[in-house]
Amino acid sequence: GVVIVVLLIVARPTGPSALTNPVLFLDAIVGVFLARYASTSYSMDSDRFHARRLFGSRSLRLENVRRIELASLRDLSPTGFFGGWGWRGRMWSPVVGSFDSIHTRSSGVMIYEGEVPLFVSPKDPVGLAVELSRRVRSYAVGVELGPGLPGGSSGEPGAPARVQ
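Predicted model, so just to flag it, every value in this text is computed and none were measured.

1. Remarks on the overall build of the chain
Counting its secondary structure elements, the chain contains 4 helices and 10 strands. Walking the chain from its N terminus toward its C terminus, one meets helices and strands in the order α-α-β-β-β-β-α-β-β-β-β-α-β-β. Taking contacts inside the chain between residues at least 6 apart in sequence as the whole, the part at least 24 apart equals 45%. With an accessible surface of roughly 9,100 Å², the chain has 60% of that area assigned to carbon and sulfur atoms.

2. Topic: helix α4 (residues 125–137)
Compared with an ideal rise of 1.5 Å per residue, which puts 13 residues at 18 Å, α4 spans 18 Å between its outermost C-alpha atoms and is within 8% of the ideal. Among the residues of α4, P125, L128, A129, L132, S133 and V136 are the ones counted as buried. Projection of α4 onto a plane perpendicular to its axis shows the buried side chains occupying an angular sector of 130°, all on one side. Buried residues along α4 sit in contact with β1 (41–44), β2 (48–52), β4 (65–72), β7 (107–113), β8 (118–120) and β9 (143–145).

3. Regarding a nonpolar patch on the surface
Where nonpolar side chains cluster on the molecular surface, the patch consists of V32, L54 and F55 and spans about 240 Å² of accessible area. As for its placement among the helices and strands, V32 is situated in helix α2 (residues 20–38).

Thresholds applied
Residues numbered from 1 in each chain as written. Predicted model: local features only at pLDDT ≥ 70, side-chain atom pairs only at ≥ 80, totals over all residues. Heavy atoms only, no water. Helix = DSSP H or I, 4+ residues; strand = E, 2+ residues; numbered from the N terminus. Contact = heavy atoms within 4.5 Å. Areas by Shrake-Rupley, 256 points an atom, 1.4 Å probe, with all protein chains shown as cover. Expected span 1.5 Å × (residues − 1). Buried < 20%, exposed > 50% of the residue type's maximum accessible area, 1.4 Å probe, protein only. Arc of directions from axis to C-beta. Patch = residues over 30% accessible without salt bridge, like charges linked within 9 Å, V, L, I, M, F, W, Y side chains within 5 Å. Salt bridge = Lys/Arg side-chain N within 4 Å of Asp/Glu carboxyl O.

Structure representation (structure tokens):
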């Protein structure tokens, strides 16, 4: 992303030109997407998990989380510099169907809450999944854990672990 911005700045015409306005417009679009990427953050409070970024955040109620699993965008869906479609990062996967993605890297955690799951990519995906599972269980609601997580399923289809 930084290379693209540098190239746009260097390649920008300095005199009056028909290309000046489109190049500035492209600079602005790339700048907005880079600001969205840089503003991505995650937090939890007593009853919600928050995935925030400029112009497109999402909060999940912990009591409604039904499954947590480690995931990779590379396995779920094709990705690119600008991410999925829609301002919120809505993506589609043949594995899970439609899901929202608020990410900065390809490996992360898929959180199933409501009709549309959420993919996030914290620095420590396993740590986030374990802490999220602990907080979800505090509501006395069972949560399914995917493969690779303590107490998670074996990874075989149809063999989810349920933690009470």
